[in-house]
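# Remarks on the overall topology
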Protein chains: 2
Amino acid sequence: MGTTEVTAPEGTPFIEINREFDAPPALVYRAYTEPELLKQWLGPRKYEMVVERWDVREGGAWRYEHRDDAGNAWAFHGVFHSVARDTMVQTFEFEGAPGHVSLEKVVFEDLGNGRTAVRNHSVYQSIEARDAMVQSGMAEGVTEGYERLDELLAQLSVPAGR
Amino acid sequence: MGTTEVTAPEGTPFIEINREFDAPPALVYRAYTEPELLKQWLGPRKYEMVVERWDVREGGAWRYEHRDDAGNAWAFHGVFHSVARDTMVQTFEFEGAPGHVSLEKVVFEDLGNGRTAVRNHSVYQSIEARDAMVQSGMAEGVTEGYERLDELLAQLSVPAGR
């Protein structure tokens, strides 16, 4: 299993998240771009993930909700600035803190031997907004989500018919 | 005439641009959102401004070019994350430096007495990319563009028939 590295340098509005996966870039890309796959891994296990829109193209909008058993929901939305096989750039807004938007870049780096490094770079509109995101427990949610992605990629890697 | 204040704090990826105009918010909003008006003020006077797309809505894409007499062109594009009467949030990419995207917020603040403050807040994906934008002479282009916007708003404020 890989290790999720989360870096949020003091006094900057940046968050870096790096993680390696035992799967080729094309498969990781599918897990990021197909809503039926996305909802199986993005976020903590305890939430139901409801993908309302995930329109992966320039100008395409996205929106999803994390729901718990008690009927609470946390919604997020944004738009895709650009989408390529190796890089996606999109905006991100948590609807619980409306008006605070961040810009996220996700790079899929081919490590060879069927392995991929996923490199996330996010920038917030203020250092305070970045700090609030870090303090929200974001790192734990991302780490758990990436463990689920590991499991999903392992499943998808099994040739059909086995 | 107003004064354009450009602030780019050392060691941050931010640029702030503030400017006041002798026109009500609704008129300034029109000048920002209608392509036929936009092309009359955005950027230095020496360039022809060609607006290819300016689709002001969530997920709407935009692209324009500045062209000089020698046949050179500088193109920019992005998408709108959100659009409201008092705030627009959009991505921005100069095609001469592809892959470097910034996130821009424009706020139209009603100062009363038919005056408006326009507050721009941009954040870049790195301090280096922000510094490169500052060094490109961006402030001069913005300042000249806002002088042109002053002139356009004065024209638009004249009641029809005069």
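Summarised in this report is the structure supplied together with it.

Each value, and the rule that gives it
- Residues numbered from 1 in each chain as written.
- Chains lettered and ligands numbered in written order.
- Predicted model: local features only at pLDDT ≥ 70, side-chain atom pairs only at ≥ 80, totals over all residues.
- Heavy atoms only, no water.
- Phe/Tyr/Trp six-rings, centres within 6.5 Å; stacked < 30°, edge-to-face > 60°.
- Helix = DSSP H or I, 4+ residues; strand = E, 2+ residues; numbered from the N terminus.
- Buried < 20%, exposed > 50% of the residue type's maximum accessible area, 1.4 Å probe, protein only.
- Least-squares fit on C-alpha atoms with pLDDT ≥ 70 in both.
- Contact = heavy atoms within 4.5 Å.
- Buried area = accessible area lost by both parts, 1.4 Å probe.
- Salt bridge = Lys/Arg side-chain N within 4 Å of Asp/Glu carboxyl O.
- Polar contact = N/O pair within 3.5 Å; in protein donor to acceptor, adjacent residues only side chain to side chain.
- Pairing = 2+ DSSP bridges.
- Axes fitted to C-alpha atoms, helices over the stretch in contact; angles between N-to-C directions.
- Core = buried A, V, L, I, M, F, W, Y, C linked by side-chain atoms within 4.5 Å.
- Expected span 1.5 Å × (residues − 1).

Residues and elements named next belong to chain A. Under the criterion given, the structure shown has 28 aromatic pairs over all chains. Taken together, a centroid distance of 5.1 Å and an interplanar angle of 40° make the contact between Tyr47 and Trp74 tilted. Of this pair, Tyr47 sits in the loop between α2 (35–38) and β3 (48–54) while Trp74 sits in strand β5 (residues 73–83); the two residues are 27 residues apart in sequence, bridging distant segments of the chain. Trp74 sits in the partly exposed class, given a relative accessible area of 28%. A network of ring pairs unites the aromatic residues Trp54, Trp62, Tyr64, Phe76, Phe80, Phe92 and Phe94 as a single cluster.

This brings us to the relation of the copies chain B and chain A. It takes a turn of 180° to lay chain B on chain A, together with a shift of 0.0 Å along the axis; the resulting RMSD is 0.0 Å. What the superposition gives is, in effect, a two-fold axis relating one chain to the other. For chain B, the minimum C-alpha distance to the rotation axis belongs to Gly59(B) and amounts to 2.2 Å. A symmetric contact is evident, with 100% of the interface residues of chain B recurring at the interface of chain A.

In this assembly, 23 residues from chain B lie in contact with 23 residues from chain A. For the pair chain B and chain A, the two sides together bury roughly 1,800 Å², of which 67% comes from carbon and sulfur. Among the residues of chain B in contact with chain A, His81(B), Leu103(B) and Gln125(B) are the three that bury the most area, contributing 34% of the side total. Connecting chain B to chain A are 0 salt bridges. Contributing elements (two or more residues each) for the side of chain B that touches chain A: β5 (73–83), β6 (87–94), β7 (101–112) and β8 (115–124) of chain B. If you tally residues by element for the side of chain B that touches chain A, the top one is β5(B), at 5 residues.

It is worth spelling out the environment of Thr91(A) at this point. Of note, Thr91(A) is situated in strand β6 (residues 87–94). C-alpha separation for the pair Thr91(A) and Gly78(A), spaced 13 residues apart in sequence, amounts to 4.9 Å. Thr91(A) has contacts with Trp62(A), His77(A), Gly78(A), Val79(A), Val101(A), Ser102(A), Leu103(A), His81(B), Thr91(B) and Leu103(B), leaving out every residue within four places of it along the chain. Within the structure, Thr91(A) has its side chain in polar contact with the backbone nitrogen of Val79(A) (distance 2.9 Å).

Quick look at the sheet that holds β5(B) now. All names here are of chain B. Within the open sheet, the 8 strands sit side by side as β1-β2-β8-β7-β6-β5-β4-β3. Their pairing is antiparallel. The sheet is open, and its two borders are formed by β1 (5–7) and β3 (48–54), each paired with just one other strand. Taking the axes of each pair of neighbouring strands and ignoring which way they run, one obtains an average angle of 20° across the sheet. Pairing of β5 with β6, which is carried by 5 bridges, proceeds in the antiparallel orientation. Paired with Val83 across the two strands is Met88, which belongs to β6. Each of β2 (14–21), β6 and β8 touches helix α3 (residues 127–135); the most contacted strand, β2, lies at about 40° to it.

Below, the discussion takes up the environment of Glu34(A). Residues and elements named next belong to chain A. Within the element layout of this structure, Glu34 appears in the loop between α1 (25–33) and α2. Expressed as a C-alpha distance, the spacing of Glu34 and Asp55, which sit 21 residues apart in the sequence, is 9.2 Å. For Glu34, the side chain forms a polar contact with the side chain of Arg30, separated by 2.8 Å.

All names here are of chain A. Pairing is antiparallel in the open sheet, where 8 strands are placed in the order β1-β2-β8-β7-β6-β5-β4-β3. Of all the strands in the sheet, just β1 (5–7) and β3 have a single pairing partner and so form its edges. Between one strand and the next, the sheet's axes are offset by a mean angle of 20°, whatever the strand orientation. Across the sheet, α1 touches β2 (14–21), β3, β5, β6, β7 (101–112) and β8 (115–124), and the angle it forms with β8 is around 40°. Against the sheet, helix α4 (residues 138–157) engages β1, β2 and β8, with an angle of about 25° to β2.

Turning our eyes to something else, we now look at the nonpolar core. Residues Tyr32(B), Trp41(B) and Leu149(B) are the most contacted members of the largest nonpolar core, which totals 32 residues. The next biggest cluster of nonpolar side chains, apart from the first, holds 31 residues, and it includes Phe21(A), Leu38(A), Met49(A) and Phe80(A).

Attention shifts here to α4(A). All names here are of chain A. Taking 1.5 Å per residue as the helical rise, α4 with its 20 residues ought to reach 28 Å, and the 28 Å between its terminal C-alpha atoms agrees with that figure. Along α4, the positions that sit buried rather than exposed are Met138, Gly141, Gly145, Tyr146, Arg148, Leu149, Asp150, Leu152 and Leu153. Here the buried face of α4 lies against β1, β2, α1, α2, β8 and α3 (127–135).

Attention now moves to unusual backbone geometry. Residues and elements named next belong to chain A. You will see that Asn113, though not glycine, has its phi angle at about 50°, which is positive. With respect to the element layout, Asn113 can be found in the loop between β7 and β8. Since its relative accessible area comes to 81%, Asn113 is described here as exposed.

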